[in-house]
Structures are given as C-alpha cells and as structure tokens.
Amino acid sequence: PLHKTHRRAAMTEQLQAKLQSAVNGVVDEIEKSQLRPRSKQSFLEMAKCCDTAPTREAYQLCVQRAALPEEQANAAVQQELNEFQGRLQRAAMACQDEVKDAGLTDPNKAAAAMDKCLVDVFNKHLKLVPTLKKRVVQRLQQ
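J.: Give me the lowdown on the environment of Val99, citing residues and values where you can.
T.: With respect to the helices, strands and loops of the structure, Val99 is situated in helix α2 (residues 56–102). Exposure remark for Val99: the relative accessible area of 15% places this residue in the buried category. In this structure, the C-alpha to C-alpha distance between Val99 and Gln141, residues 42 residues apart in sequence, is 42 Å. If sequence neighbours within four positions are ignored, Val99 has contacts with Leu104, Ala110, Ala113 and Met114.

As structure tokens, this is what we get:
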C-alpha cells in the first residue's frame, strides 16, 4: 500500500509538472505571437513621441498613450492566467473537502483519495489549456 501511495503521489507531481509546462507553452506562444508585436508597436510609437511632442508634458502624455495597448494586453493575459490558477486552486480545495467529508481515518486511504482526486483535477485542467489559449487570444484581438 505504501508503494502505491508513493506511485500515486509521483503521478500527481508529474501531472502538475505537465500542466505547468502546458501553461508555460501557451504563455510563450502568446508572448511571441501577440505581446511582442504590441511591444514593438509601442516602442515605435514612443520613438515618434521624441520627434513630435513639442513640450515635456506632451511628450510624457504621448509616451503614456503609446504604452497603453501593451499594458492592457499584458493585464488581460495576466487576468486570464490568474483566473485559471484560481479555478485550479478551488478544485484542489474541493478535493481536500471531499477527502475530509469522506471521514477516512486511515492516512494512507486519505492520501490515496486525495491523490486520485488531484489526478482528476490536473487531467481536467490539462484539457482546458487549449481553451485558455483561445480565450486569451480572443481577448487580445478585441
């Protein structure tokens, strides 16, 4: 039984790492395809401010306006990632509640139930990663 518990815990850790890797991959893709072009455009607009703004105040306002689209895009990506993480955390907390409500007195059985529930959570959220990517890209294209 102890061997099974370690194997399940290792599987849970592997799934968690796989999920983290999938999310990181999405973030990298979005950064390259969506955020970097916005950054480039912001920098180009900021450079124009150097030539066109007649006063220091006008220059500062111009730079702030030029940076706004990039800042908004970064905020949208961060919000989606935070919501995804929140959903994952709530699901993990629900696992804790389920195990507690099951009234399992044997620590090994409680750990096994927790690991099984977490495996389900990570698998479910792995399947949601493409939806996360789609939602972020749609938000950025609005």
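J.: Mind laying out the pattern of salt bridges, listing which residues take part and the relevant values?
T.: With the rule as written, the count across this model stands at six salt bridges. Between Glu29 and Lys133 there is a salt bridge whose closest N-O contact spans 2.3 Å. Of this pair, Glu29 sits in helix α1 (residues 2–52) while Lys133 sits in helix α3 (residues 107–140); the two residues are 104 residues apart in sequence, bridging distant segments of the chain. Between Arg36 and Glu31 there is a salt bridge, with its nearest N and O atoms 3.1 Å apart. A relative accessible area of 46% means that Arg36 is categorised as partly exposed.

J.: For the nonpolar core, give the residues involved together with the corresponding values.
T.: By size, the foremost hydrophobic cluster in this structure holds 28 residues, and its most contacted members are Leu19, Ile30, Val77 and Leu140. Counting residues per element, the ones that place at least two in this core are α1, α2 and α3. Here the element with the most residues in this core is α3; it accounts for 13 residues. In this view, Leu140 contacts Ile30, Gln34, Leu35, Arg38, Ala73, Ala76 and Val77; residues no more than four positions away in its chain are not counted. Judged by nonpolar contacts, the second largest core, of five residues, contains Met46, Cys49, Val63 and Ala67.

Parameters at a glance
- Residues numbered from 1 in each chain as written.
- Predicted model: local features only at pLDDT ≥ 70, side-chain atom pairs only at ≥ 80, totals over all residues.
- Heavy atoms only, no water.
- Helix = DSSP H or I, 4+ residues; strand = E, 2+ residues; numbered from the N terminus.
- Buried < 20%, exposed > 50% of the residue type's maximum accessible area, 1.4 Å probe, protein only.
- Contact = heavy atoms within 4.5 Å.
- Salt bridge = Lys/Arg side-chain N within 4 Å of Asp/Glu carboxyl O.
- Core = buried A, V, L, I, M, F, W, Y, C linked by side-chain atoms within 4.5 Å.

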